[in-house]
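What follows is each chain in one-letter form.
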Amino acid sequence: MVKKELGKLLELQDIDLRIRRLDEEIAKGYGDLDQRQAVIDARREEAVDLAERLEVVEKEKKDVEQELEEETIRFKDRQVKLMNVQTNREYQSLLKEIEGTKAANKQREEEILRYTEIGEAMVAKIELLNTTSDEEEKLLLAEKAKVAALAKELDKQKKEIDKARSEKADKVSPAIYKRYEQLRDRRNGMAIVGVTNGVCQGCYMNIPAQQYNEVLRGDQLHSCPTCQRMMYNKPEEEE
Ligand SMILES: [Zn+2]
């Protein structure tokens, strides 16, 4: 009686493990897609951040360019003035101002060049980030179609297994079935495990000798005192 019940439970558990593996496979497929999408999203975000920083650089460059323009006009005015000065003192002071402006403008030109270089590097990096994202998105789209097709196929398999499953489940007595389901959900799909040489193959703990003897006799359904899984005798040769 118990042996028959155990056999049915083992068959049921086998079916449930297959369903579980199919579910895991489907979940893994979608999980991988999500992970790849997250990488693409992060790259896109980096491009947006960089574009914002580029705007700041371009604004700063424009400011310096404007300064340079204004200072160049002033520089020319002073050069004209230089032609018309009356005193040597005025001449010297104006000359000094002209030299100062010249040096400052040279610095501004270098600064503009530096901003240009930084800006160009940023533009190149933004472009690289975006083209990489575009390419990956294309690949991901193809992968999404593949995962969806696989999920559909696995779902079909599941439905077929489910039919066989309910036939098996109907044959197990309700009380044991309930216990089986609870243990299955709590114990990673393994509600019923073998005992080999007095050791539970679910948690690998020893079973008390008296209980082991009863498991060997197989006229009663026993639970492992450590992991609570239902147990059946599984001789070593089967390993
Ligand atoms: Zn155990």
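Keep in mind that what you see is a predicted model, and the values were worked out from it rather than measured.

*Asks:* What should I look at first to understand the overall build of the chain in this one?
*Replies:* Secondary structure assignment for the chain yields 4 helices and 4 strands. In sequence order, the secondary structure elements of the chain are arranged as α-α-α-β-β-α-β-β. At 40 Å, the chain has a C-alpha radius of gyration far larger than the 18 Å of a compact globule built from 239 residues. Across the 239 residues that make up the chain, the buried fraction comes to 8%. The long-range fraction of contacts in the chain, counting pairs at least 24 apart against all pairs at least 6 apart in sequence, stands at 71%.

*Asks:* Help me understand the domain arrangement of the chain, please; the structure alone is not making it clear to me.
*Replies:* Put simply, an interface is often sized by how much accessible area is lost when its parts join up. Partitioning the chain into domains gives domain 1 (19-163) and domain 2 (178-238). The distance between the C-alpha centroids of domain 1 and domain 2 comes to 63 Å.

*Asks:* When you look at helix 1 (residues 2-83) in this model, what are you seeing that I'm missing?
*Replies:* For an α-helix the count is 3.6 residues per turn, leaving residues at separations of three or four pointing the same way. Compared with the 122 Å implied by 1.5 Å per residue over 82 residues, the 119 Å span of helix 1 between its first and last C-alpha is a close match. The set of residues buried in helix 1 consists of Leu 9, Leu 12, Gln 13 and Asp 16. As for helix 1, its buried residues are in contact with helix 2 (88-171), helix 3 (174-186), strand 1 (192-196) and strand 4 (230-233).

*Asks:* What am I meant to see in the environment of Asp 14 here?
*Replies:* Within the secondary structure, Asp 14 sits in helix 1. Since 11 C-beta atoms lie within 10 Å of it, Asp 14 is described here as exposed. For the pair Asp 14 and Asp 162, spaced 148 residues apart in sequence, the C-alpha separation works out to 12 Å.

*Asks:* Please clarify how the pairing of strand 1 should be interpreted in this entry.
*Replies:* Where a strand is regular, its side chains alternate between the two sheet faces. Where strand 1 lies against strand 4, 4 bridges are found, and the strand directions are parallel. Residue pairing for strand 4: Gly 194 is matched across the bridge by Tyr 232. In this sheet, strand 2 (residues 199-200) lies alongside strand 1 in antiparallel orientation, the contact comprising 2 bridges. Its bridge partner lying in strand 2, Val 195 is registered against Cys 200. Connecting strand 1 to the antiparallel partner strand 2 that follows it, the hairpin turn spans 2 residues, and Asn 197 within it adopts a positive phi of roughly 50 degrees.

Quick notes on the rules
Residues numbered from 1 in each chain as written. Predicted model: local features only at pLDDT ≥ 70, side-chain atom pairs only at ≥ 80, totals over all residues. Helix = DSSP H or I, 4+ residues; strand = E, 2+ residues; numbered from the N terminus. Rg over C-alpha atoms; globule rule 2.2 N^0.38 Å. Buried ≥ 20, exposed ≤ 12 C-beta atoms within 10 Å, placed from the backbone. Contact = placed C-beta atoms within 7 Å. Domains from an automatic or database assignment. Expected span 1.5 Å × (residues − 1). Pairing = 2+ DSSP bridges.

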